[in-house]
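Geometric and topological summary
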Amino acid sequence: MILPNVTVLPAAEKFIRRMVRFSDHPTGGMRLTVTPGGCSGYSSEFTIEPAPRAGDAEISLAGTRVFLPAESRLVLDGIVVDFVDSPTRSGLTFTNPGQAPCACSSSGDASAMPAESGVTLGSIRRIVRG
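Bear in mind the structure is a predicted one, so any value in this text is a computation, not a measurement.

With that settled, consider the packing of aromatic side chains. Evaluated as defined, the whole model comprises 2 aromatic pairs. Aromatic side chains Phe-15 and Phe-46 sit 5.9 Å apart centroid to centroid with 85° between the ring planes, which places their arrangement in the edge-to-face category. In this pair, Phe-15 sits in helix α1 (residues 10-21) while Phe-46 sits in strand β3 (residues 42-49), placing the two residues 31 residues apart along the sequence. Just as Phe-15 is buried, Phe-46 falls in that class too. Centre to centre, the rings of Phe-15 and Phe-83 are 4.5 Å apart; their planes meet at 15°, and the pair counts as stacked. With Phe-15 in helix α1 and Phe-83 in strand β6 (residues 80-85), this pair connects stretches of sequence that are 68 residues apart. The same class applies to Phe-15 as to Phe-83, namely buried.

Right under this line is the structure:
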């Protein structure tokens, strides 16, 4: 199984670690699903789960488990994952440094900005498995 060449910045790592630690499954991990789609090129969702699902790859971020389904592993190759917390948005962001952004809602020079997609805190789903 080939793991993606993904860069997780310290703020994102800290966010993921805290989400897992303060969940109902502190020994579990974050299942991150990223698929092609949306204006910026990515659609994403995450859940905190007790164990990986069949077909998930498991990676470790400073001891915190992250579960990646196959479709996420393909999409995340070359992506930079960060966490943003500002007055207008809060959540994980996915930036592809080599991709031009969608300029439909951008102000300024779109060619100077990276393509970016986010997972907001409101998209967190709680999964309880028996």
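Among all residues except glycine, the phi angle is most often negative; among peptide bonds, the trans geometry is most common. Residues other than glycine seldom take positive phi values, yet Ala-62 does so here, at roughly 50°. Summarising the element assignment, Ala-62 is placed in the loop between β4 (57-61) and β5 (64-68).

In total, this model carries 4 salt bridges according to the counting rule given. Ionic pairing is found between Arg-17 and Glu-13, a salt bridge with its closest N-O pair at 3.5 Å. Separated by 4 residues within a single helix, Arg-17 and Glu-13 lie in helix α1, roughly one turn from each other. A residue is classified by how much of its surface remains accessible, and Arg-17, at 29% relative accessible area, is partly exposed. Residue Arg-31 is joined to Asp-56 by a salt bridge in which the shortest nitrogen-to-oxygen separation is 2.8 Å. Linking Arg-31 in strand β2 (residues 29-36) with Asp-56 in the loop between β3 and β4, this pair joins segments that are 25 residues apart in sequence.

Turning next to the environment of Ile-16. Tracing the sequence through the fold places Ile-16 in helix α1. Dropping the residues within four chain positions of it, Ile-16 is found in contact with Met-30, Leu-61, Thr-64 and Val-66.

Parameters and conventions
- Residues numbered from 1 in each chain as written.
- Predicted model: local features only at pLDDT ≥ 70, side-chain atom pairs only at ≥ 80, totals over all residues.
- Heavy atoms only, no water.
- Phe/Tyr/Trp six-rings, centres within 6.5 Å; stacked < 30°, edge-to-face > 60°.
- Helix = DSSP H or I, 4+ residues; strand = E, 2+ residues; numbered from the N terminus.
- Buried < 20%, exposed > 50% of the residue type's maximum accessible area, 1.4 Å probe, protein only.
- Salt bridge = Lys/Arg side-chain N within 4 Å of Asp/Glu carboxyl O.
- Contact = heavy atoms within 4.5 Å.

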